[in-house]
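Descriptive analysis of the structure
These are the residues of each chain, in order.
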Amino acid sequence: MQVRYVEGDLVEQEADVLIVGHLEGGGKQLGGALDALDKALDGEIRSALEVKEIEGKIGDVLHVRTRGRLAASHVVVTGLGLRKELTSERVRQAAGHAAKEARRLKATSIASVMMGAGRGNLETRDAAVAVAEGLQLALYEFSNWRKEPETPEPKVEVITIVEIENRKRRAAEAALELVEVSLRGVMQARDLVNEAPMHLIPASLKKVAEEIAEQSPGVSVKVMNRAQCRKMGMNAFLAVAEGADSEPYFIHLTYKPKKTANKKIALVGKGITFDSGGLSLKSSAGMETMKMDMAGAATVLGVFRSIGGLQPDVEVHGIIAACENMPSGRAYRPGDVIRAMNGTSIEVLNTDAEGRVTLADALSYTSSEVKPDAIIDFATLTGACVVALGEEIVGVMTRSDRLAEQVFTAAEETGEELWELPLFENYNKL
């Protein structure tokens, strides 16, 4: 998919679909590109506003056929919500709703203004990034295993983001490379999480890590097999892996900047490529999404897919203990006592608590071998978090207020929803 920024007027763009935003509560007041489109369409947008066919709320979408009045075939107006609540994330969502409508219209090309950069008062760069990300993320598909139709379905191949002011266009264009680099990692993570578990085994994560290291400047990888992990004392990780036929791998990615780094950060991702629950077998329904139990590892690999292009000035380590949790005559059992890399003994009461067992060794290794300034652990660790917060919000647990503040700031900038869960001292005995 080609994404480009051009200087010009949206009304004049030759694309299948033109996209423009509308603020809630604006009534019939139209400005900028929206007013120009309405005039070209003989007032159809204003008429739709009068009968409240669209009110500008997030999720509102209005489709108008141009019928030859413009070079484009369709106009899509997408709601931006209230101006006082407008953020980059709201623009990202609005762009996504518009992109889905464009896909429904079987568009192969779309053109959009930088929604939010005008009357919405967002910074040009923020609006440009939000629109580019929202459009592309909404158009993502995982179709590796679908039967190819006899007549291929049209797909969006070109996205044009239009700005009439040259100064703003240049500022937006400078942000395009950042969007491309970051989305490369997001799409990598999505593809890994969506892949069928018979095709994504621990060796698959190993292969992706090796490809990333080969293709990314400043990135290297070290992979340990079962024998090497046993020599390191990773008996907790290996106990979980024991029941599976697929070989386990411990993956350590390292990014080093060109200049000597002052800080070292470790990202640890849970890498259970399929979680059956082991001998404490999950229900059939509970197993349906367990190919996703390596989403933490996918996140780490996504970061490293992007990191060579971002070139941060900190040293970054990515740690993944990759295995399957399967039932067999070799599988670890409830009642077993296993010893982690740091010497701590673990009594297993439920083999479906495999995530914290593998992460015990991953975190021990990170602390003793990497010795970072901060560790951030990504894990699909318990359904109880979903019960507490729902599926849209990530639970955060930490004893470091400073690190929490930095993580929450980063989340706000990128449109992620986080909520901190308590770690009261009285919980230690639990």
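Residues numbered from 1 in each chain as written. Predicted model: local features only at pLDDT ≥ 70, side-chain atom pairs only at ≥ 80, totals over all residues. Heavy atoms only, no water.

Moving on: the sheet that holds strand β1 (residues 2-7). Read across the open sheet, the six strands follow the order β1-β6-β5-β2-β4-β3; overall the sheet is mixed. Edge positions in the open sheet fall to β1 and β3 (61-65), since each of these has one partner strand only. Each strand of the sheet is rotated relative to its neighbour by a mean of 25°, with strand direction disregarded. Where β1 and strand β6 (residues 158-163) come together, six bridges link them in parallel fashion. (Pairing = 2+ DSSP bridges. Helix = DSSP H or I, 4+ residues; strand = E, 2+ residues; numbered from the N terminus. Axes fitted to C-alpha atoms, helices over the stretch in contact; angles between N-to-C directions.)

This brings us to the state of the cysteines. A full pass over the atoms with the stated rule returns zero disulfides. Distance from the sulfur of cysteine 229, which forms no disulfide, to the nearest cysteine sulfur (cysteine 323) is 9.8 Å. Of the residues examined, cysteine 229 reaches a relative accessible area of 0% and is grouped as buried. (Disulfide = S-S within 2.5 Å. Buried < 20%, exposed > 50% of the residue type's maximum accessible area, 1.4 Å probe, protein only.)

With that out of the way, let us pick up the environment of serine 109. In this structure, serine 109 sits in strand β5 (residues 109-113). Among the residues examined, serine 109 registers a relative accessible area of 16% and is labelled buried. Remark: the alpha-carbon pair of serine 109 and lysine 256, spanning 147 residues in sequence, is separated by 39 Å. The contact partners of serine 109, leaving out residues within four places of it in the chain, are Ala15, Asp16, Val17 and Val158. Here the side chain of serine 109 touches aspartate 16 through a polar contact of 3.0 Å, landing on its backbone nitrogen. (Contact = heavy atoms within 4.5 Å. Polar contact = N/O pair within 3.5 Å; in protein donor to acceptor, adjacent residues only side chain to side chain.)

In this section: the nonpolar core. Core analysis: the largest hydrophobic core is formed by 60 residues, its most contacted members being Leu18, Leu37, Ile45 and Ile110. With eight residues, helix α4 (residues 124-138) is the largest single contributor of residues to this core. In this view, isoleucine 110 contacts Ala15, Val17, Ile19, Ala102, Leu135, Leu139, Val156, Val158, Ile159 and Thr160; residues no more than four positions away in its chain are not counted. Listed in part, the 26 residues of the second largest apolar core include Ala236, Met341, Leu359 and Tyr365. (Core = buried A, V, L, I, M, F, W, Y, C linked by side-chain atoms within 4.5 Å.)

Moving on, we come to the packing of helix α6 (residues 202-215) against helix α10 (residues 295-310). In the contact formed by α6 and α10, the axes pass within 10 Å of each other and the chain directions differ by 15°. Overall, the two elements α6 and α10 adopt an arrangement that is roughly parallel. The crossing of α6 and α10 is left-handed. Across the interface between the two elements, Leu205, Val208, Ala209, Glu211, Ile212 and Gln215 of α6 pack against Ala297, Leu301, Phe304 and Arg305 of α10. (Parallel < 35°, antiparallel > 145°, perpendicular 65-115°, else oblique. Left-handed = near helix turned anticlockwise from the far one by under 90°.)

A word on the packing of aromatic side chains. Applying the stated rule across the entire model yields three aromatic pairs. Relative to tyrosine 365, the ring of phenylalanine 250 lies with its centre 4.8 Å away and its plane at 65°, an arrangement referred to as edge-to-face. Of the two residues, phenylalanine 250 sits in strand β8 (residues 249-255) while tyrosine 365 sits in helix α11 (residues 354-370), which places them 115 residues apart along the sequence. The pair formed by phenylalanine 250 and tyrosine 365 is uniform in burial state, with each residue classed as buried. Residues phenylalanine 424 and tyrosine 427 carry aromatic rings whose centres are separated by 5.6 Å and whose planes lie at 70° to one another, so their mutual orientation is edge-to-face. One aromatic cluster is present, formed by Phe237, Phe250 and Tyr365 through successive ring pairs. When the ring centre of tyrosine 140 is taken as origin, the NZ or CZ atom of arginine 190, which lies over that ring, is 5.2 Å away. (Phe/Tyr/Trp six-rings, centres within 6.5 Å; stacked < 30°, edge-to-face > 60°. Lys NZ or Arg CZ within 6 Å of the ring centre and 35° of its normal.)

To continue, consider the layout of surface pockets. Any empty space left between the atoms is revealed when a probe the size of a water molecule rolls over them. Here the second largest pocket is characterised by a volume of approximately 730 Å³. What lines the second largest pocket is a set of 25 residues, among which Met1, Leu139, Tyr140, Glu141 and Lys155 lie closest to the centre. Looking at the lining of the second largest pocket, the elements that each hand over two or more residues are α3 (88-104) and α5 (166-194). Among the elements that make up the lining of the second largest pocket, the one with the highest residue count is α5 (four residues). (1 Å grid on protein atoms, 1.4 Å probe; cavity = no way out; pocket = protein on both sides within 12 Å on 5 of 7 lines; lining within 4 Å. Points joined across faces, edges and corners; volume = space filled by probe spheres on them.)

The sheet built from five strands is open, its strands ordered β7-β8-β10-β9-β13 with mixed pairing. If you trace the sheet from one side to the other, it starts and ends with β7 (219-224) and β13 (374-378), each paired once. This sheet shows a mean twist of 15° between the axes of neighbouring strands, independent of strand direction. Here α10 sits on the sheet and contacts β7, β8, β9 (264-275), β10 (315-325) and β13; the angle it forms with β9, its principal contact strand, is near 135°.

Contact geometry for α3 and α4: axes closest at 7 Å, N-to-C directions at 40°. In terms of orientation, α3 lies oblique with respect to α4. Here the hand of the crossing between α3 and α4 comes out right-handed. On α4, the residues that touch Ser88, Val91, Arg92, Ala95, Gly96, Ala99, Lys100 and Arg103 of α3 are Asp126, Ala127, Ala130, Val131, Glu133, Gly134, Leu135 and Ala138.

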